[in-house]
Amino acid sequence: TMLPCCRWLQPLIVLLSSALLTWGQNCPASCLCPDPHTVDCSGQGLTRLPVSIPLDVRRLLLSDNWIPKIPSDFLVLYSDLVYLDLRNNSLSCIEPGTLSTSSRLVFLDLGCNNLTEIAAGTFGESRSLIKLRLGNNPYLTTVNENAFLGLTSLRELELERNALSGLQVAALSQLPSLRVVRLEGNPWVCNCNFSNLFAWLRDNSDKLPTGVDGMECSLPVDGRRVALSQLSVDSFRECQLTLTLTDYLIIIFSGISVSVAAILASFFLASTVHCFQRWSKANKSDEEDSDD
């Protein structure tokens, strides 16, 4: 009775053995593949992305290496990728469009790198992205107001311990699903440019893990650090008197309009006076002719 059972299991055993052998062969050198959809190349001293990554990879772990760049076409072939960990590498920039094909990407970790700027369109409207880590980039000074445009599913955003002195509110207000945002540990400057962000932080303190108590800023006058919890909207009252670019344009346009109106009025007045003088001379000549 055992022999027919063994005969039935034999093809299955051969199929599983073949699958395991193929799976092992597809795993990149110096990497581990604990399951058919995971590639773990963490801490291998890599200076570039590994080759021969299986096309059906879903979890790609590349943390703790020396990778300086992600090719702009890297994710074109990996449409099933859900989890990408590039923490603690040497990335200095992410070219816009690099992640535009990552339609299923849910988790992205770019923390502990050398990023200097998050440009507009960096994430290419990755609508499935839920968690984005950008913290601990000590040279990150600029985040474009459209850097996160299209990330409609993003719930967690980490921007802590970077080199941000300011951040436009538009960058955060474009995230309708945002639930958690980390901004502590940045060298914020409490000037008029920061006033709008301060108001947003006060209104959305429930999204900050430690509230505004965990954040500080430096005063523009003497550089003294103060906790945001010690400030209020009145602290930025003087900023309401600061003229914006729109104000300057209105003033310039008004000045030009007044000047043009004054020139036209002067021309009209001069023309009227000239006509009146000619009319007076004509009347005077007629009177003299009549007297003669």
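One can find the structure itself at the top, above this paragraph.
Residues numbered from 1 in each chain as written. Predicted model: local features only at pLDDT ≥ 70, side-chain atom pairs only at ≥ 80, totals over all residues. Heavy atoms only, no water.

Caption draft 1: The overall build of the protein, seen in detail. Looking only at helices and strands, the protein features four helices and 13 strands. Counting only residues that meet the buried cut, the protein has 34% of its 292 residues in that class. Contacts in the protein between residues at least 24 apart in sequence constitute 52% of all its contacts with a sequence separation of at least 6. (Helix = DSSP H or I, 4+ residues; strand = E, 2+ residues; numbered from the N terminus. Buried < 20%, exposed > 50% of the residue type's maximum accessible area, 1.4 Å probe, protein only. Contact = heavy atoms within 4.5 Å.)

Caption draft 2: Fine view of the side chain of Asn 89. Positionally, Asn 89 belongs in the loop between strand E4 (83-85) and strand E5 (107-109). Since its relative accessible area comes to 6%, Asn 89 is described here as buried. Setting aside anything within four residues of it in sequence, one finds Asn 89 in contact with Leu 62, Ser 63, Asp 64, Asn 65, Trp 66, Ile 67, Cys 112 and Asn 113.

Caption draft 3: Structural detail: the environment of Val 221. Following the sequence through the fold, Val 221 ends up in the loop between strand E12 (216-218) and strand E13 (225-227). As a C-alpha pair, Val 221 and Cys 190 span 31 residues in sequence and 9.7 Å in three-dimensional space.

Caption draft 4: Fine view of the sheet that holds E4. Here we have eight strands laid out as an open sheet, ordered E1-E2-E3-E4-E5-E7-E9-E10, and mixed in their pairing. The open sheet is flanked by strand E1 (32-35) and strand E10 (180-182), the only strands paired with a single partner. The mean angle between the axes of side-by-side strands here comes to 5°, regardless of whether they run parallel or antiparallel. Taken together, the three bridges between strand E2 (residues 38-40) and strand E3 (residues 59-61) define a ladder with parallel strand orientation. Looking at E3, one finds that Val 39 is bridged to Leu 60. (Pairing = 2+ DSSP bridges. Axes fitted to C-alpha atoms, helices over the stretch in contact; angles between N-to-C directions.)

Caption draft 5: Expanded view of the sheet that holds E12. Strand order in this open sheet of three strands is E11-E12-E13, and the pairing throughout is mixed. Lying at the two open borders of the sheet, with one neighbouring strand each, are strand E11 (188-189) and E13. Two elements, E12 and E13, share three bridges in a ladder whose sense is antiparallel. Counterpart to Glu 216 in the pairing with E13 is Ala 227.

Caption draft 6: Region of interest: the pattern of salt bridges. Summed over all chains, the structure comprises twelve salt bridges. Across the pair Arg 182 and Glu 184 runs a salt bridge, and its minimum N-O distance is 2.5 Å. Assessed through its relative accessible area of 25%, Arg 182 is described here as partly exposed. Salt-bridge contacts for Arg 237 lead to Asp 234; the nearest nitrogen and oxygen are separated by 3.3 Å. (Salt bridge = Lys/Arg side-chain N within 4 Å of Asp/Glu carboxyl O.)

Caption draft 7: Fine view of the packing of aromatic side chains. Summed over the entire model, instances satisfying the criterion amount to six aromatic pairs. Ring geometry for Tyr 83 versus Phe 107: centroids 4.2 Å apart, planes at 10°, classification stacked. Of the two residues, Tyr 83 sits in strand E4 while Phe 107 sits in strand E5, which places them 24 residues apart along the sequence. Taken together, a centroid distance of 6.5 Å and an interplanar angle of 45° make the contact between Phe 194 and Phe 236 tilted. With a gap of 42 residues between them, Phe 194 in the loop between E11 and helix H3 (195-203) and Phe 236 in the loop between E13 and helix H4 (245-291) connect regions that are remote in the sequence. For Phe 194, a relative accessible area of 1% gives the class buried. By relative accessible area, which is 7% here, Phe 236 ends up buried. One Lys or Arg, Arg 59, reaches over the ring of Tyr 83 and ends 4.7 Å from the middle of that ring. (Phe/Tyr/Trp six-rings, centres within 6.5 Å; stacked < 30°, edge-to-face > 60°. Lys NZ or Arg CZ within 6 Å of the ring centre and 35° of its normal.)

Caption draft 8: Structural detail: the state of the cysteines. Tallying each qualifying case throughout the model produces four disulfides. A sulfur-sulfur separation of 1.7 Å characterises the disulfide bridge that pairs Cys 190 with Cys 217. Because the torsion about its S-S bond is -100°, the bridge between Cys 190 and Cys 217 counts as left-handed. Taken together, the residues span a long stretch of sequence, with Cys 190 in the loop between E11 and H3 and Cys 217 in strand E12 at a distance of 27 residues. (Disulfide = S-S within 2.5 Å.)

Caption draft 9: Structural detail: the environment of Asn 162. For Asn 162, the position within the fold is in the loop between strand E9 (156-158) and helix H2 (170-173). Considering only alpha carbons, one finds Asn 162 and Gly 111, 51 residues apart in sequence, at a separation of 9.7 Å. Side-chain polar atoms of Asn 162 contact the backbone oxygen of Leu 134, separated by 3.2 Å. A polar contact is formed between the side chain of Asn 162 and the backbone oxygen of Leu 159, at a distance of 2.9 Å. (Polar contact = N/O pair within 3.5 Å; in protein donor to acceptor, adjacent residues only side chain to side chain.)

So, to be careful, I would describe these as geometric facts and stop short of saying anything about function.
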